[in-house]
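Chains, contacts and geometry: an overview
Letter by letter, the chains look like this.
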Amino acid sequence: MSKNILVVAGGTGGHILPGIVFGKKLRDEGNNVYWACGAREMEQKIYNALGIEPLKLAIEGSPLGVKSFLVILTRSISVLTSYIQTLTYIIKYKIDEIYLFGGYVSYAPLKAALRKKIPVTLHEQNAVAGKVTRKAAKKGVKIITGWPVCEGINDFTYVGIPAREPVRISRDEALKTLGLDLNVNAKIVGITGGSLASETLSNLLLKTADLCKEFEFVFLSHERKDEGNIHFIPQSWDMNPFYSICDILVCRSGGSTLAEALEWGMSTVTIPWPEAADNHQEKNAEEFVKLAKNSYAFNENDSPEKLAEIIAKI
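Residues numbered from 1 in each chain as written. Predicted model: local features only at pLDDT ≥ 70, side-chain atom pairs only at ≥ 80, totals over all residues. Heavy atoms only, no water.

1. Observations concerning the sheet that holds strand S2 (residues 32-37)
Basically, it comes down to this: The pairing criterion for strands is at least two bridges between them, as found by DSSP. Helix and strand definitions here come from DSSP, where helices need a minimum of 4 consecutive H or I residues and strands a minimum of 2 consecutive E residues; each element is numbered from the N-terminal end. Residues count as neighbours in contact if any of their non-hydrogen atoms are within 4.5 Å of one another. Lines fitted to C-alpha atoms define the axes here, with helix axes fitted over just the stretch in contact, and angles between the N-to-C directions of these axes take values from 0 to 180 degrees.
Read from one edge to the other, the open sheet built from 7 strands follows the order S3-S2-S1-S4-S5-S6-S7, with strand pairing classed as parallel. The open sheet has two free edges, formed respectively by strand S3 (55-56) and strand S7 (157-158), since each of these has just one partner strand. Here strand S4 (residues 97-100) runs beside strand S5 (residues 120-124); their pairing, made up of 3 bridges, is parallel. Of the residues in S5, the one forming a bridge with Leu-100 is Leu-122. Those strands touched by helix H1 (residues 13-28) are strand S1 (4-8), S2 and S4, and its axis lies near 165 degrees from that of S2.

2. Remarks on helix H5 (residues 131-138)
Test applied: Classification of residues uses two cut-offs on accessible area relative to the type maximum, computed with a 1.4 Å probe and protein chains only: under 20% is buried, over 50% is exposed, and between them is partly exposed. To obtain the arc, one takes the directions from the helix axis to the C-beta atoms.
Every buried residue of H5 is accounted for by Val-132, Thr-133 and Ala-136. For H5, the arc enclosing every buried residue in end-on projection is 100 degrees, short of the 170-degree limit, so these residues lie on one face.

3. Side note on the pairing of strand S12 (residues 248-251)
By the alternation rule, side chains of S12 split into Ile-248 and Val-250 and Leu-249 and Cys-251, which are all buried. Bridge count between strand S8 (residues 188-192) and S12: 4 bridges; the pairing is parallel. If you follow Gly-190 over to S12, its bridge partner there is Leu-249. In this sheet, strand S13 (residues 267-270) lies alongside S12 in parallel orientation, the contact comprising 4 bridges. Bridge assignment links Ile-248 to a residue of S13, and that residue is Ser-267.

4. Notes on the pairing of strand S11 (residues 230-234)
With 4 of 5 residues buried, S11 lies mostly within the body of the structure. As paired elements, strand S9 (residues 216-221) and S11 share 5 bridges and run parallel to each other. In the strand pairing of S11, Val-218 is matched with His-231. Note: strand S10 (residues 225-227) against S11, 3 bridges, orientation antiparallel. Bridge pairing in S11 places Lys-225 opposite Phe-232.

5. Let's talk about the packing of aromatic side chains
The following threshold applies: Each Phe, Tyr or Trp ring, with Trp reduced to its six-membered ring, pairs with another whose centre is within 6.5 Å; inter-plane angles below 30 degrees give stacked pairs, above 60 give edge-to-face pairs, and intermediate values give tilted ones.
Per the counting criterion, the structure on display carries 7 aromatic pairs. Measuring from ring centre to ring centre gives 5.8 Å for Phe-22 and Phe-101, while their planes differ by 55 degrees; the resulting arrangement is tilted. With Phe-22 in helix H1 and Phe-101 in the loop between S4 and helix H4 (107-116), this pair connects stretches of sequence that are 79 residues apart. By relative accessible area, which is 18% here, Phe-22 ends up buried. Taking 6.3 Å as the distance between ring centres and 40 degrees as the angle between the ring planes, the aromatic pair formed by Tyr-89 and Tyr-93 counts as tilted.

Given below as structure tokens:
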């Protein structure tokens with residue numbers, strides 16, 4: 001018997017992409033699936049790029065950890081508004097179950113689900129439980145996790161992180177799609193910093209590329225240009241051409257990105273974002289290298305010489 005299911009995933013691509021993959025699986029099983037996200041324009045763009053028109057909640061950011069009274073007030077009002085919106089969606093679409101994909105966007109829907117006594121499950125993509133996950137766990141909500149460990153909670157079920165199915169294409173075709181004039185036999189290092197790139201990381205990678213002239217370095221960026229063995233290409237939500245050319249992937253340690261690296265079976269150097277809440281990216285990286293083949297975790301404050309050595313070793 002089909003169900004009406006609400007999947008709440010917003011804030012960043014790291015929450016949204018697993019939510020979309022999971023929701024599509026539920027839809028393929030014959031359920032009616034609705035997605036909800038926050039009010040940020042980028043969230044809408046991610047969904048739209050993948051052929052989904054999500055329901056919209058008013059929330060744009062967490063009121064926690066903010067110093068401005070005005071911002072705290074505005075965001076607190078948006079949490080209340082999102083709570084009321086979720087109650088409305090539950091009634092309008094006769095929702096039978098709710099799946100939350102963590103982050104501040106999930107808080108108001110969590111409260112609404114508990115209020116309406118609707119079965120709710122929360123998926124935590126990181127190896128350290130976020131604030132909403134910890135609150136949900138205290139309320140007895142079922143928690144499923146992306147990694148075998150989840151610091152901060154005791155009762156959870158490890159299921160992995162839903163990731164887009166790889167569609168590998170020939171290197172020649174992939175290079176043409178990306179607009180790269182490289183030899184099909186070139187050794188290629190793909191670089192993706194996501195939304196968590198930094199000047200420190202960028203400088204590290206550029207210096208490393210200069211030390212590894214035998215490799216071609218392809219950076220996902222905002223422009224298309226070439227500088228010796230360094231190549232910049234625009235980001236795209238279709239990652240298949242990019243992943244298809246990578247001999248080695250260098251990336252941040254967000255759960256969704258690491259899940260895709262595992263799905264593709266790529267040798268990966270993952271560099272945790274040092275400012276991640278509760279240092280969760282470092283823990284993600286630690287768990288990732290236990291599961292991945294020929295992959296390493298790296299500190300962005302270490303030397304480019306050390307990173308070049310690891311790339312050569314791989």
